[in-house]
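# Architecture and fold: a report
Given next are the chains, with one letter for each unit.
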Amino acid sequence: MKKRHEQKLVILSIGLMIAFSIPISLLFNSEKEISGYPMILIYLFFIWMVSIIISFVIVKKYNE
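Bear in mind that the values here come from a model prediction, so they are computed numbers and not experimental data.

As a further point, take helix H1 (residues 3–19). Given 3.6 residues per turn, any residue in an α-helix points the same way as the ones three and four places further on. With 17 residues, H1 extends 24 Å from end C-alpha to end C-alpha; this agrees with the ideal 24 Å at 1.5 Å per step. Within H1 the residues assigned to the buried category are His-5, Leu-12 and Ala-19. Considered in projection along H1, the buried side chains sweep an arc of 35° and stay on one side of the axis. Residues Lys-3, Arg-4, Ile-11, Met-17 and Ile-18 are exposed on H1 and point more than 90 degrees away from its buried face. Contact partners of the buried residues in H1: helix H2 (22–25) and helix H3 (39–62).

Structural data, given as structure tokens:
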């Protein structure tokens with residue numbers, strides 16, 4: 001894997017650290033619910049799913 005693709009994964013990791021930080025996560029800690037699930041759970045699982053998809057695309061597309 002080339003250096004620039006590794007850098008993309010590092011940037012993704014830094015973005016995830018920011019997205020999963022307590023102050024950002026608590027922005028979604030509200031009384032609202034979607035299909036009976038609290039917003040914070042929807043947020044955490046959505047960010048987790050998006051990060052897996054982005055990681056998969058980077059590794060699959062640029063694996064050399």
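This next bit is on the packing of aromatic side chains. As enumerated under the stated definition, the model contains two aromatic pairs in all. For the pair Phe-28 and Tyr-43, a centre-to-centre distance of 4.1 Å together with 10° between the ring planes defines the contact as stacked. Here Phe-28, found in the loop between H2 and strand E1 (33–34), pairs with Tyr-43, found in helix H3; they are 15 residues apart in sequence, far enough to count as distant. On the basis of relative accessible area, Phe-28 is assigned to the partly exposed category, the value being 29%. Their ring planes at 55° and their centres at 5.7 Å tell us that Phe-45 and Trp-48 sit as a pair that is tilted. With Phe-45 and Trp-48 both in helix H3, this residue pair falls three residues apart, about one helical turn.

Each value, and the rule that gives it
Residues numbered from 1 in each chain as written. Predicted model: local features only at pLDDT ≥ 70, side-chain atom pairs only at ≥ 80, totals over all residues. Heavy atoms only, no water. Helix = DSSP H or I, 4+ residues; strand = E, 2+ residues; numbered from the N terminus. Expected span 1.5 Å × (residues − 1). Buried < 20%, exposed > 50% of the residue type's maximum accessible area, 1.4 Å probe, protein only. Arc of directions from axis to C-beta. Contact = heavy atoms within 4.5 Å. Phe/Tyr/Trp six-rings, centres within 6.5 Å; stacked < 30°, edge-to-face > 60°.

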